[in-house]
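Breakdown of the fold
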Amino acid sequence: MMLLSVPGTIRMILIIIAVFVIIRFIGRLLNAKSSAENEKRYNQNNDAFKRAKEKSESEKGKVHIVEGGYREAEDVDFEEVKDSEKNN
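Residues numbered from 1 in each chain as written. Predicted model: local features only at pLDDT ≥ 70, side-chain atom pairs only at ≥ 80, totals over all residues. Heavy atoms only, no water.

We now examine a nonpolar patch on the surface. Together, Val 6, Ile 10, Ile 13, Leu 14, Ile 17 and Val 21 make up a nonpolar patch on the protein surface, roughly 560 Å² of accessible area in all. With respect to the helices, strands and loops of the structure, Ile 13 is situated in helix H1 (residues 6–58). Taking relative accessible area as the criterion, Ile 13 reaches 46% and is therefore assigned partly exposed. (Patch = residues over 30% accessible without salt bridge, like charges linked within 9 Å, V, L, I, M, F, W, Y side chains within 5 Å. Areas by Shrake-Rupley, 256 points an atom, 1.4 Å probe, with all protein chains shown as cover. Salt bridge = Lys/Arg side-chain N within 4 Å of Asp/Glu carboxyl O. Helix = DSSP H or I, 4+ residues; strand = E, 2+ residues; numbered from the N terminus. Buried < 20%, exposed > 50% of the residue type's maximum accessible area, 1.4 Å probe, protein only.)

Below you can see the structure in the form of structure tokens.
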């Protein structure tokens, strides 16, 4: 029967604890990296949304003619709506 020595047992326990600490540290680093990437992506999307909103607000009411765009549009005649039809 093989008996383990006390210093060998303590050393094995310390090695196991060290491995768990190192794995936990690496997991936290990977999690921090992922969080940083997600935050960067969120900030980019948020900035793009703000720029698009500002552009939309500045161009409110302006008309742009684009060549080669949608061609299946149908022109209709102007028809005035009477007050009695508006209330219904």
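Turning our eyes to something else, we now look at a negative patch on the surface. The grouping of Glu 74, Asp 75, Asp 77 and Glu 79 at the surface amounts to a negative patch. Tracing the backbone through its elements, the reader meets Glu 74 in the loop between H1 and helix H2 (83–86). For Glu 74, a relative accessible area of 69% puts it in the exposed group. (Lys, Arg positive; Asp, Glu negative; His and termini not counted. Charge placed at Lys NZ, Arg CZ, Asp CG, Glu CD.)

In this section: the pattern of salt bridges. A side chain of one charge can pair with a side chain of the opposite charge when the charged atoms of the two come close. Tallied over the full model, the rule gives one salt bridge. Residue Glu 57 is joined to Lys 60 by a salt bridge in which the shortest nitrogen-to-oxygen separation is 3.8 Å. Judged by its relative accessible area of 47%, Glu 57 is partly exposed.

With that settled, consider H1. The periodicity of an α-helix, 3.6 residues per turn, causes residues three or four places apart in sequence to face the same way. In this model, H1 (53 residues) spans 77 Å end to end at C-alpha, consistent with the 78 Å of a helix rising 1.5 Å per residue. At the N-terminal end of H1, a side-chain oxygen is found 3.3 Å from the backbone nitrogen of Gly 8, two or three residues along, and the residue is Ser 5. (Expected span 1.5 Å × (residues − 1). Polar contact = N/O pair within 3.5 Å; in protein donor to acceptor, adjacent residues only side chain to side chain.)

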